[in-house]
Amino acid sequence: MNKGINSGMRAMSKRGQRDSDESQEARKMNRQGQQNTRGLRQTTRMLRRISKF
């Protein structure tokens, strides 16, 4: 079940595909969104571990 949750989060973070015409500001926003998603994934994993006990 956890693998399904993580893959769903990855799919949502990669939803907007990069275009070659993308401005530098847009690339920066995309990168920041991916970093936020990575942090959320990490947090959900920690919370799952904590909630087991």
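Just so it is clear, the model here is predicted, and its values are computed rather than measured.

Cut-off values and rules
Residues numbered from 1 in each chain as written. Predicted model: local features only at pLDDT ≥ 70, side-chain atom pairs only at ≥ 80, totals over all residues. Heavy atoms only, no water. Helix = DSSP H or I, 4+ residues; strand = E, 2+ residues; numbered from the N terminus. Buried < 20%, exposed > 50% of the residue type's maximum accessible area, 1.4 Å probe, protein only. Areas by Shrake-Rupley, 256 points an atom, 1.4 Å probe, with all protein chains shown as cover. Patch = residues over 30% accessible without salt bridge, like charges linked within 9 Å, V, L, I, M, F, W, Y side chains within 5 Å. Salt bridge = Lys/Arg side-chain N within 4 Å of Asp/Glu carboxyl O. Lys, Arg positive; Asp, Glu negative; His and termini not counted. Charge placed at Lys NZ, Arg CZ, Asp CG, Glu CD. Expected span 1.5 Å × (residues − 1). Contact = heavy atoms within 4.5 Å.

Engineer: I keep staring at the overall build of the protein chain and nothing clicks. Help me out?
Structural biologist: The secondary structure content of the protein chain amounts to two helices and zero strands. Counting across all 53 residues of the protein chain, residues that qualify as buried make up 9%. Counting only carbon and sulfur atoms, one obtains 52% of the accessible surface of the protein chain, whose full area is about 4,900 Å².

Engineer: Honestly, a positive patch on the surface in this entry has me stumped. Any pointers?
Structural biologist: Residues Arg10, Arg45, Arg49 and Lys52 make up a contiguous surface patch of positive charge. With respect to the helices and strands, the residue Arg10 is situated in helix α1 (residues 2-13). Residue classification places Arg10 among the partly exposed positions, given a relative accessible area of 38%.

Engineer: Mind showing me how you'd approach helix α2 (residues 24-51) here?
Structural biologist: Three- or four-residue spacings in an α-helix give side chains the same orientation, since the helix completes a turn every 3.6 residues. In a regular helix each residue adds 1.5 Å, so 28 residues correspond to 40 Å; α2 covers 41 Å between its end C-alpha atoms and thus fits that length. Within α2 the residues assigned to the buried category are Thr37, Arg41 and Arg48.

Engineer: How do you make sense of the side chain of Arg41 when you look at a structure like this?
Structural biologist: Considering the arrangement of structural elements, one finds Arg41 in helix α2. Non-local contacts of Arg41, meaning those with residues more than four positions away in its chain, are made with Asn6, Met9 and Arg10.

Engineer: What is the right way to look at the environment of Asn30 in this model?
Structural biologist: Relative to the assigned elements, Asn30 resides in helix α2. The class for Asn30 is partly exposed, based on a relative accessible area of 28%. Expressed as a C-alpha distance, the spacing of Asn30 and Ser13, which sit 17 residues apart in the sequence, is 8.7 Å.

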